[in-house]
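# Examination of the molecular architecture
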Amino acid sequence: MPPNLPRVLPPLTLYLAAPRGFCAGVDRAIKIVEMAIQKWGAPVYVRHEIVHNKFVVDALKAQGAIFVEELDDCPTDRPVVFSAHGVPKSVPAEASRRQMIAVDATCPLVTKVHNEAARHHEAGTQMIYIGHDGHPETVGTMGQLPPGEVLLVETVADVATLQVRDPAKLAFITQTTLSVDDTAEIAAALKARFPLIHAPAHDDICYATTNRQAAVKAVAPRIDALLVIGAPNSSNSKRLVEVGTAAGCPYSMLIQRATDIDWRALEGVRAVGLTAGASAPEVLVNEVVDAFRARYTVTVDLVETAVEDIEFKVPRILREPA
């Protein structure tokens, strides 16, 4: 090729899944930290990552947020924010005992599951929780009730080994960020083994998780590869990768940002799906699109399966003057 002619880039269709990225709970949690810094000045302490995304956490650190794992790491004279994933009951109780200013950024849909567990407990019902062991949301939800009152199951196989107090007084709840299909299988196994078990009146898996998984299922038949932008510790992001694989996508990969793309693995592809977990900002999506534009002649095609217009209010303490 003569040196003066521009290089011809191969064609590629980039299917953008929608909805993708921030959900209302994540949006609210980030806003809570920013408003706390505006109200009380820096530093404001945050127990655990406010949401599971390094880009978001680093941006909040730059504004004056300090992230810690336990309340013991916080001074008593500075505000503390509890993450969107929720915390065990013992944490706000301890903050109150220490007379700390505490702001709860727990997603309202996670709080709904907490309230559901509390109502069943008051009725003497033992809870079964479908979730991932050790995930902050699991720790927070199981920590709403006394030890032994919530039994954890992660798989269909776990259902067979459950030892319950009374098969006639059981209910189940779920983590909000699970695979819709996997959870349905576990719920069916619970109902088969414990026919009297109470199921949630409405699905505990949040609307954002459900919508993002549905969008991936719609995109999967059209693509050679799926990229999911999200953190390695983000439950809902990892589920999107699994959903893509289960829907028949030959290559599904979780990336934190454009620099993580394995271009060699994408050699020869002509159609790529792109989505983002509920805690990944749109700026990272744009960064990935730009990275593809540098290597391909890109046609962007939006695949939208739902429109989200949900908004959650921030806690009253942040709406009142300092």
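These notes cover the structure that comes with them. Please read all numbers here as calculations on a predicted model, not as lab measurements. (Residues numbered from 1 in each chain as written. Predicted model: local features only at pLDDT ≥ 70, side-chain atom pairs only at ≥ 80, totals over all residues. Heavy atoms only, no water.)

### Things to note about the pattern of salt bridges
- Under the definition given, this model contains twelve salt bridges.
- A salt bridge links D204 to K112, with the nearest nitrogen and oxygen atoms 3.5 Å apart. Of this pair, D204 sits in the loop between α7 (180-193) and α8 (207-219) while K112 is found in helix α4 (residues 108-122), placing the two residues 92 residues apart along the sequence.
- Among the residues examined, D204 registers a relative accessible area of 1% and is labelled buried. (Salt bridge = Lys/Arg side-chain N within 4 Å of Asp/Glu carboxyl O. Helix = DSSP H or I, 4+ residues; strand = E, 2+ residues; numbered from the N terminus. Buried < 20%, exposed > 50% of the residue type's maximum accessible area, 1.4 Å probe, protein only.)

### Some details on the pairing of strand β11 (residues 271-276)
- The buried fraction of β11 is high, at six of six residues.
- Side chains A271, G273 and T275 project from β11 onto one buried face, and the interleaved V272, L274 and A276 project onto a second face that is buried too.
- Examined bridge by bridge, strand β1 (residues 11-18) and β11 share four bridges and lie parallel to one another. Residue L14 lies in a different strand from β11, and its bridge partner there is V272.
- Summarising the sheet, strand β9 (residues 225-229) and β11 pair through five bridges and their orientation is parallel. For I229, the partnering residue across the bridge sits in β11 and is A276. (Pairing = 2+ DSSP bridges.)

### Side note on the nonpolar core
- Membership of the largest hydrophobic core comes to 32 residues, with the highest contact counts inside it found for V33, I50, L60 and V81.
- Secondary structure elements with two or more residues in this core: α1 (24-40), β2 (44-47), α2 (54-63), β3 (65-68), α4 and α8.
- Broken down by element, the residue count for this core peaks at eight residues, all from α1.
- If sequence neighbours within four positions are ignored, V81 has contacts with I32, V33, A36, V44, Y45, V46, R47, I50, V103 and A105.
- In terms of nonpolar packing, the next biggest core, distinct from the first, is built from 24 residues, L12, Y251, A280 and V285 among them. (Core = buried A, V, L, I, M, F, W, Y, C linked by side-chain atoms within 4.5 Å. Contact = heavy atoms within 4.5 Å.)

### Looking at the pairing of β3
- Bridge analysis of β2 against β3 gives four bridges, and the strand direction is parallel. Each residue of the ladder has a partner; that of V46, found in β3, is F67.

### A look at the packing of aromatic side chains
- All chains considered together, the criterion is met by two aromatic pairs.
- Relative to F292, the ring of W263 has its centre 4.9 Å away and its plane inclined at 70°; by these criteria the two rings are edge-to-face. Taken together, the residues span a long stretch of sequence, with W263 in the loop between β10 (252-255) and β11 and F292 in helix α10 (residues 282-293) at a distance of 29 residues.
- Judged by relative accessible area, which is 0%, F292 ranks as buried.
- Aromatic rings pair up to connect W263, F292 and Y296 into one cluster. (Phe/Tyr/Trp six-rings, centres within 6.5 Å; stacked < 30°, edge-to-face > 60°.)

In short, the description is geometric, and any link to function would need to be established separately.
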